[in-house]
Amino acid sequence: MKALMKKILISLGLFALLALGVITARAADAPAPAAPTLEQRVGGLEAYIGNTDPSGAVASLKDKDGNLPKDFKMATLSTPGPGHNAWQMASAALVLFMTLRGLALFYGGLVRRKNVLSVCAQCFFITGLVTILWWICGYTLVFGKGNTFFGLYGGWDKIFLRGVDSTPNGDYSYWVSENVYAMYQLMFAIITPALIVGAIAERMKFSAICLFMIGWMFLVYFPQGHMVWGIDGRMNGVWNAKASIHAIDFAGGTVVHMTSGWSALVLCLILGKRLGFGKENMAPHSMVLCMIGTGMLWVGWYGFNAGSAVAADVVAANAFTTTTLATAVASFVWPMAEWLVKGKPSILGFCSGAVAGLVVITPACGFVNATGAVIIGIAAGLIPWFFCYKVKAWFGYDDALDTFGVHAIGGTIGAFLTGVLADAKVNSNTASNLADVGNKMDLANPATQNGLAQAIANGTQWIAQVKAIGLTLVIAILGTIIVASIVKAVVGLRADEEVETVGLDLAEHGEEGYHGA
């Protein structure tokens, strides 16, 4: 028996050695994974420089489904580009700088001294709140692939930022890590509701603001952001070949300024006027703070606008240039209009003009040339000024810090003028490439397939912009009415008269911005 067992064990051992030899031989005979050629590697680097798809350099290796061979590796595939990534991280920081420093000081300087901390607290609260919402589901509702609930929201594939890592998401950038892109877009989501604070300053309860901002993000910002910027959003004219409205909004004319500005008007009308409005002096308590805040907003806005190229490329360079021109022109035109009408150019006029210029150029900065930017700057210096100076007085609404006049009107003008002044030479993504693909429409870029390129070439893009403006107004106004009504029923909106008289700083936060005389 022992001899038999010994023979069996020896046989099994020999069989195992033989099998191992066969496996080793087959592994040795198996072809090594295909290595990229020098030409393909250079093509990948050229794609990095040109901010294009690096997989185009190895397109000949793809199968019928567009997949590369298994185990094929090339350094420029699925890897963030250092320069583009660095610019995007810097841009994200600049946009956050706009809220926590620029907007807080700009708005803080414009309110009375007894309410300066309330504005700062509201900006800080919104920063934390929106970040939490963005992590839970905000990012996926805006940028997730797929259309849910009648196309108002994106898919749920990125809930809790699942799968959002340092690998680029080709839907939005070939060279920027998706987690960096998600943080960049978070900063937009933060500053947008914070802009509403300007219209309802000095009289809305902090608890009401907390609840209102939660509802507003879900009913207004998330759907608007998805439809305009989501890869398959219904108003994404640049990147969605099937867009039902081929609108263009480079950095947030409709998504940021129109939504916040029109919502601000509705909310301030529902709230009512501040105690003593029109009877008491409600002048800004510190134009120095306001001016410092304005300067911070201007600097931060380069991340807002040029960063929206999602690359350090020629489009970003154009956005940087047009932002500078429009803002400088508007900051000059607004106080000059004041000088002609009132006899004196005010610091508030310089500040308001600069912010208006930044707002109006926002949707257009990546689509218009330098001359278009100057035209936009002139419009930004005159039209919002007229609304803040005359229209506000005619109707008597208490838009405390002119959020409606600057952001709603400015954002609407900007969205319209983007369609009038768009130049395809500035942004090749909006130009027809039909001839380059053998006149095969299914191979053309999205702008060609959905009609955007033709509309820009024919000077009719303003029609699509008007449609986008109309839909944005519906979303902002209805969403605000619904959320404000719910909050009013649950906790009430307005601070008590005693609280408003004493000031929100002491009554709601137990602190004062200043001590002593």
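Above this text you will find the structure in question.
As the structure is a computational prediction, the values presented were derived from the model and not from experiment.

1. Some words on helix α8 (residues 287-305)
End to end, α8 covers 26 Å across 19 residues, agreeing with the expected 27 Å (1.5 Å per residue, within 8%). A bend of about 30° at Val299 is the largest found in α8. Turning to α8, its buried residues number three or more, namely Cys290, Gly293, Thr294, Met296, Leu297, Gly300, Trp301, Tyr302, Gly303, Phe304 and Asn305. Against α3 (82-110), α5 (178-196), α7 (253-271), α9 (314-342) and α10 (347-361) lie the buried residues of α8.

2. Topic: the packing of α10 against helix α12 (residues 403-421)
Interaxial distance between α10 and α12 falls to 7 Å at its minimum, and their mutual angle equals 40°. Relative to α12, α10 is oriented oblique. Seen along the crossing, α10 lies across α12 with a hand that is right-handed. Residue-level inspection shows Val355, Ala356, Val359 and Val360 of α10 in contact with α12, the latter providing Val406, His407, Gly410, Gly411, Ile413 and Gly414. Taken together, the residues of the contact of α10 with α12 sort by class into 6 nonpolar, 4 polar and no charged.

3. Section: the side chain of Thr403
Mapped onto the elements, Thr403 comes out in helix α12. Residue Thr403 is classed as buried on the basis of its relative accessible area, which comes to 0%. Apart from residues lying up to four places away in sequence, Thr403 is in contact with Tyr107, Leu195, Gly198, Ala199, Ser260, Gly261, Ala264 and Ala408.

4. A look at α7
With 19 residues, α7 ought to run about 27 Å at 1.5 Å a step, and its terminal C-alpha atoms sit 25 Å apart, in line with that. The buried count for α7 comes to 17 of 19 residues, which makes it a mostly enclosed element. The first or second residue beyond α7 is Gly272, which carries a positive phi of 95°.

5. Some points on the pattern of salt bridges
Under the definition given, this model contains 10 salt bridges. For the salt bridge of Glu202 with Arg112, the shortest nitrogen-to-oxygen distance reads 3.2 Å. Separated by 90 residues along the polypeptide, Glu202 in the loop between α5 and α6 (206-229) and Arg112 in the loop between α3 and α4 (116-143) bring together distant segments of the chain. Residue classification places Arg112 among the buried residues on the basis of a relative accessible area of 12%. Its salt-bridge partner being Lys392, residue Asp402 comes within 3.0 Å of it at the nearest N-O pair.

Calculation criteria
Residues numbered from 1 in each chain as written. Predicted model: local features only at pLDDT ≥ 70, side-chain atom pairs only at ≥ 80, totals over all residues. Heavy atoms only, no water. Helix = DSSP H or I, 4+ residues; strand = E, 2+ residues; numbered from the N terminus. Expected span 1.5 Å × (residues − 1). Bend = angle between axes of the 7 residues up to and from the residue. Buried < 20%, exposed > 50% of the residue type's maximum accessible area, 1.4 Å probe, protein only. Contact = heavy atoms within 4.5 Å. Axes fitted to C-alpha atoms, helices over the stretch in contact; angles between N-to-C directions. Parallel < 35°, antiparallel > 145°, perpendicular 65-115°, else oblique. Left-handed = near helix turned anticlockwise from the far one by under 90°. Nonpolar A, V, L, I, M, F, W, Y, C, P; charged D, E, K, R; others polar. Salt bridge = Lys/Arg side-chain N within 4 Å of Asp/Glu carboxyl O.

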